[in-house]
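Observations on the model geometry
Now for the letters of each chain:
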Amino acid sequence: MHDVGIEQIVIGSVLMDNAIFTLLSDKITAADYFEPLHENIWQICSDLIGAGKKANPITVTPFLPVDLKIGEMNVRQYVARLCASGTIANDAVQLADMIRDLSDRRAMQAVASELGKAGSGDPGELAGWGIEQLDAIVAARTVTGTPSLTMEQSVARTVDAMARAYQNDGALTGMGY
């Protein structure tokens with residue numbers, strides 16, 4: 001259960017407009033990506049943007065293996081293609097929700113698979129373990145479908161977003177133009 005195309009569009013959107021990351025960072029994490037390269041790129045973007053730096057094809061690629069090939073493309077070409085596949089903020093938010101849903105479904109499949117492999121054992125204990133694992137997936141979300149945050153994390157993200165907005169030379173935050 002994955003859609004690499006959706007992952008590409010979401011990462012491309014952030015590479016085009018880092019303000020979109022603020023809209024998405026509460027919805028998805030690097031671990032939600034199915035494709036390991038996309039997980040790595042998302043984490044690099046998160047680290048760069050979190051440090052107040054730009055995340056774009058030029059700043060991201062030095063952190064990726066130089067000799068990596070994706071089909072016929074080298075890593076620089078691939079990251080540039082990701083950027084070209086980006087979309088507007090509203091679409092990126094909806095696609096990020098899809099990435100999170102697919103990630104949760106993979107986690108639920110993993111729980112079911114583990115239960116299926118267990119074979120023998122106390123059914124009550126197995127059911128209890130399964131329920132705990134599924135509860136953890138549910139608990140990671142709030143009513144709105146975003147991961148739970150502590151008040152400290154929420155305040156820190158808000159202050160960081162405000163600081164980035166003030167550094168934007170009067171341009172609207174979240175607008176790619």
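You'll find the structure just up there.
Remember, it's a predicted structure, so these values are computed and weren't measured experimentally.

What follows concerns the pattern of salt bridges. This structure, assessed with the given rule, holds four salt bridges. For Lys-27, the salt bridge goes to Asp-97, with nearest N and O atoms at 3.1 Å. Pair noted here: Lys-27 is in the loop between α2 (19-24) and α3 (36-50) and Asp-97 is in helix α6 (residues 89-118), with a separation of 70 residues, a long-range link. Lys-117 is paired through a salt bridge with Glu-114; the nearest N and O atoms lie 3.7 Å apart. One end of the pair, Lys-117, and the other, Glu-114, are both in helix α6, three residues apart, so they sit about a helical turn from each other.

Moving on to the side chain of Glu-7. Examined against the element boundaries, Glu-7 turns out to sit in helix α1 (residues 4-16). For the buried residue Glu-7, which engages in no salt bridge, the nearest side chain bearing the opposite charge is Arg-106, 5.0 Å off. A distance of 2.7 Å separates a polar side-chain atom of Glu-7 from the backbone nitrogen of Phe-34. With residues near it in sequence (within four places) discarded, Glu-7 still touches Tyr-33, Phe-34, Glu-35, His-38 and Ile-99.

Glancing now at the packing of aromatic side chains. On inspection of all chains with the given rule, the structure shows two aromatic pairs. On the basis of an interplanar angle of 40° and a centroid distance of 5.1 Å, the ring pair of Phe-21 and Trp-42 is categorised as tilted. Of this pair, Phe-21 sits in helix α2 while Trp-42 sits in helix α3; the two residues are 21 residues apart in sequence, bridging distant segments of the chain. Across the pair, exposure class does not vary: Phe-21 and Trp-42 are buried alike. Taking the centre distance of 5.4 Å and the plane angle of 40° together, the rings of Tyr-33 and Trp-42 count as tilted.

Criteria and thresholds
Residues numbered from 1 in each chain as written. Predicted model: local features only at pLDDT ≥ 70, side-chain atom pairs only at ≥ 80, totals over all residues. Heavy atoms only, no water. Salt bridge = Lys/Arg side-chain N within 4 Å of Asp/Glu carboxyl O. Helix = DSSP H or I, 4+ residues; strand = E, 2+ residues; numbered from the N terminus. Buried < 20%, exposed > 50% of the residue type's maximum accessible area, 1.4 Å probe, protein only. Lys, Arg positive; Asp, Glu negative; His and termini not counted. Polar contact = N/O pair within 3.5 Å; in protein donor to acceptor, adjacent residues only side chain to side chain. Contact = heavy atoms within 4.5 Å. Phe/Tyr/Trp six-rings, centres within 6.5 Å; stacked < 30°, edge-to-face > 60°.

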